[in-house]
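# Survey of secondary and tertiary structure
Here is how the chains run, residue by residue.
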Amino acid sequence: MKRLSVIILALCLLLCGCNAEPEPAHDASKLQIVCTSFPAYDFVREIAGDNAELTLLIKPGSEVHSYEPTPKDMIRIQQCDLFICNGGESEQWVDSLITPELNTIHMMDCVDAVEESHEGIYAAEHEHGEEVELDEHVWTSPLNAIRISEAICNELCRLDEANAEEYTARFTAYKSQLLTLDREFRQAVKDSGKHTLVFADRFPMRYFALEYGLDCYAAFPGCSSETEPSAKTVAYLIDRVREDSIPAVLYMEFSNQKMADVICEDTGCKKLPFYSAHSVSAQQFEDGVTYLDLMRMDLNSLKEALG
């Protein structure tokens, strides 16, 4: 039934094409690649270069967890050479669109996915069911970014053998940059001698924290729809800041920063931005900001937050 509904929606769009904006002309000489999220989009443009036309479905600045594909998006997916999605609970809608004929990469399948933690990693008194939910933010570890990029490189080489040597060379260069970033994160943690971070926000950085041996406390898990923490949660995080003499609390991109402001006002600490790279603002996208750019911003915040 899901598959049938997709087909019906696509047919409706085609039949009503006179009322829709015309699709831009595509270069038939280039691979047509559709990505659901910014990390996949950025990994592809690093590796594919000018050999592919990319479509980013979740527009810059949009709320990634509430995205639903339009009929036009569905057609783009069905007609592309390669579809790259994240997988997981927030992208269940892709299941009805993927067919055996559609070349697809699930980023979560490229790494060892872990459960989204509800114990110890964040400070909130929520009740949780028994259903296991995997953390979807797999790209937040640079080493996972390498694994995902390698899978993309391999698929590009398979789809476009004529340019395989270029894809491999570009991936090798990108891998080197990611490994350098990884070493810098490890050195920052080592130099500090501290391991505790407080996120006055959601916590989509579990893979990052696990990779670098960090103890993190936050108000909500990464994909939480909650926006207002309880007084108990705020008090807990304030206590963590005081007890561990934490110089700065962190807030995620697109945050309203209200909780960070409350903690800073009470403790006198600073607030600093941290980027999950799940999405970028429209201005950042226009400026060509990359995953590496965002992670280097995180490196600066990490150094200051660890003191």
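Check the entry above for the structure.
The numbers attached to residues start from 1 for each chain and follow its sequence in the written order. Where totals are concerned, whole chains, interfaces and linings use all residues; where local detail is concerned, this predicted model gives features only for residues with pLDDT of at least 70, and gives and counts side-chain atom pairs only at 80 or more. Side-chain descriptors were evaluated using all non-hydrogen atoms of the structure, hydrogens and water having been removed beforehand.

All right, on to the pattern of salt bridges then. Salt bridges are defined by distance alone: a side-chain nitrogen of Lys or Arg within 4 Å of a carboxyl oxygen of Asp or Glu. What the rule picks out here adds up to ten salt bridges. Residue Lys-271 pairs with Asp-261 through a salt bridge whose shortest N-O separation is 2.7 Å. In this pair, Lys-271 is assigned in strand 8 (residues 270-274) and Asp-261 in helix 8 (residues 258-267), connecting sequence segments ten residues apart. For every residue, the accessible area (1.4 Å probe, protein chains only) is compared with the maximum for its type, and the residue is labelled buried under 20%, exposed over 50%, or partly exposed between those bounds. Given the relative accessible area of 29%, Lys-271 is considered partly exposed. Between Glu-304 and Lys-270 there is a salt bridge; the shortest N-O distance is 2.3 Å. With Glu-304 in helix 10 (residues 291-306) and Lys-270 in strand 8, the pair connects residues that are 34 residues apart, well separated along the chain. Each of Asp-182, Arg-186 and Glu-211 takes part in a single network of salt bridges with overlapping partners. Runs of E in the DSSP output that reach at least two residues are strands. Runs of H or I that reach at least four are helices, and both are numbered from the N terminus.

Quick look at the packing of helix 2 (residues 38-48) against helix 5 (residues 164-192) now. Axis angles are defined between N-to-C directions and span 0 to 180 degrees, where every axis is a line fitted to C-alpha atoms and, for a helix, only to the segment in contact. The contact between helix 2 and helix 5 brings their axes to 7 Å, and the two run at 120°. It follows that helix 2 is oblique to helix 5 by the angle criterion. Across from Asp-42, Phe-43, Arg-45, Glu-46, Ile-47 and Ala-48 in helix 2, the residues of helix 5 making contact are Glu-166, Tyr-167, Arg-170, Phe-171 and Tyr-174. When residues are grouped by polarity, Ala, Val, Leu, Ile, Met, Phe, Trp, Tyr, Cys and Pro land in nonpolar, Asp, Glu, Lys and Arg in charged, and all others, Gly among them, in polar. Along the lines of polarity and charge, the residues of the contact of helix 2 with helix 5 split into six nonpolar, no polar and five charged. Working definition: roughly parallel below 35 degrees, roughly antiparallel above 145 degrees, roughly perpendicular at 65 to 115 degrees, and oblique for all remaining angles. Contacts are residue-level and defined by heavy atoms, with any inter-residue pair within 4.5 Å sufficient.

With that out of the way, let us pick up the nonpolar core. In this text, buried Ala, Val, Leu, Ile, Met, Phe, Trp, Tyr and Cys residues form a nonpolar core when linked through side-chain atoms within 4.5 Å. If you look at the biggest cluster of nonpolar residues, it comprises 65 residues, and the most contacted ones within it are Ile-84, Phe-199, Leu-214 and Leu-302. Take this core: its biggest share by element is nine residues, from helix 5. Leu-302 has contacts with Phe-185, Ala-188, Val-189, Leu-197, Phe-208, Leu-214 and Phe-274, leaving out every residue within four places of it along the chain. Judged by nonpolar contacts, the second largest core, of 17 residues, contains Ala-219, Phe-220, Leu-237 and Cys-264.

Of all eight residues in strand 5 (residues 196-203), seven are buried, a share of seventy percent or more. Pairing between strands is defined by DSSP: at least two bridges between the two strands are required. For strand 5 and strand 6 (residues 215-221), the ladder comprises six bridges, and the chain directions are parallel. Its bridge partner being in strand 6, Thr-196 is matched across the sheet by Asp-215. Looking down the strands as they point away from you, a crossover is right-handed if its path from the first strand over the helix to the second goes clockwise. Crossover handedness for the path strand 5 to helix 6 (residues 206-211) to strand 6: right-handed.

As far as function goes, none of this settles anything; it's purely spatial.
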